[in-house]
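Next come the chains, spelled out residue by residue.
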Amino acid sequence: MKTLSSTLLLVPLLLTSLSVQRLCAAEELQSPQQTQEQHLPASEVAAAAKSTPQPAVDSRSMATPQAYQSSAWFQTIDLTLKRDLNNNGFYSLLYARFDAHSDYSSQPVYAIYDLISSNGVVRRIHTSSIFTLYGQSSQDWFAVETNLVSLPRDYYKLKIQLIDAQSGYVLAEMSGYDNATLDRLALEDQNSDNYRPVVVVHEDSGGSFGIFALLGLSCVYLWRRKQQVVQNSDVTQHLAAQHSAGGCNRVSAKTR
């Protein structure tokens, strides 16, 4: 009976532990970053979509690798890492531009951007404003440029989700797990990127030996200065003696 009672007491504890582990695994860190969005004006994109006929062949076959797609999908993705001020191979500015297509002539969507660290921690860095996909137009591209702050130095995966703005359903998803372009991104906090180590240079001549050498040079200079003064004094006395002798000779000649 005691063994059965102990087992029954352990069951709730095990269930609680499993629940906590699931919550921790599913938790995402909200880490919004300084992000600038870039895209063409909606009116310009809509006008271009109306004037340009839709391609006869579905572009899905040439789409970039992605984990999931439905009525919308990611057609292309361009990624650029910028700003490595301390030249350590890690960057503090992320630029990502994608072109997504839709089965509909127009479909309002928004994008969610997550960074996944090497140990699996997910950081949500940006949720975009709503923009519209116009069929298979290439003019409805969307780009973000993000300055990274409060981000530990690591190799990250970038995950981008395309969300239906009306229903909230995920329409498409791609990440570093299925697309090599979004994998192993060397990123760090911009404050860490601004750090430059101070280099201290030690010179041998800056120690006590240098002081004694300076004193020695000073003594040599003073000795040479003294010798020069003595030589100048001897020359002056010699010239004066010659001048006196010449004067005497001239007087003697005149007397004769």
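Preceding this section is the structure that the text describes.
What you see is a predicted model; the values in this text were computed from it and never measured.

Topic: the overall build of the protein
Piece 1. A count of helical and extended segments in the protein gives 4 helices and 12 strands.
Piece 2. For the protein, the residues scored as buried account for 32% of the 256 residues in total.
Piece 3. Partitioning the intrachain contacts of the protein with sequence separation of at least 6 by distance along the chain shows that 73% fall at a separation of at least 24.

Some details on the nonpolar core
Considering soluble globular proteins, one finds that nonpolar side chains tend to be buried as a cluster.
Piece 1. Core analysis: the largest hydrophobic core is formed by 28 residues, its most contacted members being Phe98, Tyr113, Leu115, Leu158, Ile160 and Leu162.
Piece 2. For this core, the secondary-structure elements that each account for two or more residues are strand 4 (72–82), strand 5 (93–102), strand 6 (107–116), strand 8 (131–133), strand 9 (142–147), strand 10 (154–164), strand 11 (170–174) and strand 12 (185–187).
Piece 3. Other than its neighbours up to four places away in sequence, Phe98 contacts Phe74, Thr76, Ile77, Ala111, Tyr113, Phe131, Trp141, Phe142, Ile160, Leu162 and Met174.

Quick look at unusual backbone geometry
The general pattern is negative phi for most residues beyond glycine and trans for most peptide bonds.
Piece 1. Phi at Arg83 takes a positive value of approximately 65°, unusual for a residue other than glycine.
Piece 2. Take Arg83: it is sitting in the loop between strand 4 and strand 5.
Piece 3. Phi is positive for Arg184, which is not a glycine, with a value near 50°.
Piece 4. Checked against the element boundaries, Arg184 lands in the loop between strand 11 and strand 12.
Piece 5. Judged by its relative accessible area of 56%, Arg184 is exposed.

Quick notes on the pattern of salt bridges
Piece 1. Enumeration according to the criterion identifies 6 salt bridges in this entry.
Piece 2. With a closest N to O distance of 3.7 Å, Lys159 and Asp114 form a salt bridge. With a gap of 45 residues between them, Lys159 in strand 10 and Asp114 in strand 6 connect regions that are remote in the sequence. We note that Lys159, like Asp114, is buried.
Piece 3. With its nearest N and O atoms 3.4 Å apart, the salt bridge here joins Asp183 to Lys157.

Some remarks on the packing of aromatic side chains
Note on aromatic pairs: each is described by the distance of the centres and the angle between the planes.
Piece 1. One pass over the structure, following the stated rule, counts 5 aromatic pairs.
Piece 2. Joined through ring pairs, the aromatic side chains of Phe74, Phe98, Phe131 and Phe142 make up one cluster.
Piece 3. The side chain of Arg97 reaches across the aromatic face of Trp141, ending 3.9 Å from its centre.
Piece 4. Lying across the ring of Tyr155, Arg184 places its NZ or CZ 4.3 Å from the centre.

What counts, and at which threshold
- Residue positions are given per chain, counted from 1 along the sequence in the order it is written.
- Residue-level local features of this predicted model are given only where pLDDT is at least 70; pairs of side-chain atoms are given and counted only at 80 or more, and the full residue set underlies all totals for whole chains, interfaces and linings.
- Hydrogens are left out, water is left out, and the side-chain values use all remaining heavy atoms of the structure.
- Where helices and strands are cited, they refer to DSSP runs of H or I of at least four residues and of E of at least two residues respectively, numbered from the N terminus.
- A 1.4 Å probe rolled over the protein chains alone gives each residue an accessible area, and that area as a share of the maximum for its type sets the label: buried under 20%, exposed over 50%, partly exposed in between.
- Only heavy atoms matter for contacts: two residues are in contact if any of them lie within 4.5 Å across the pair.
- Throughout, nonpolar core names a set of buried Ala, Val, Leu, Ile, Met, Phe, Trp, Tyr and Cys residues whose side chains join them through atoms within 4.5 Å.
- Counted as salt bridges are all cases of a side-chain nitrogen of Lys or Arg within 4 Å of a carboxyl oxygen of Asp or Glu.
- Note on aromatic pairs: the rings of Phe, Tyr and Trp (six-membered ring only in Trp) are paired at centre separations within 6.5 Å, and the planes decide the class, stacked below 30 degrees, edge-to-face beyond 60, tilted for the rest.
- In our convention, an over-ring charge means Lys NZ or Arg CZ found within 6 Å of a ring centre and within 35 degrees of that ring's normal.

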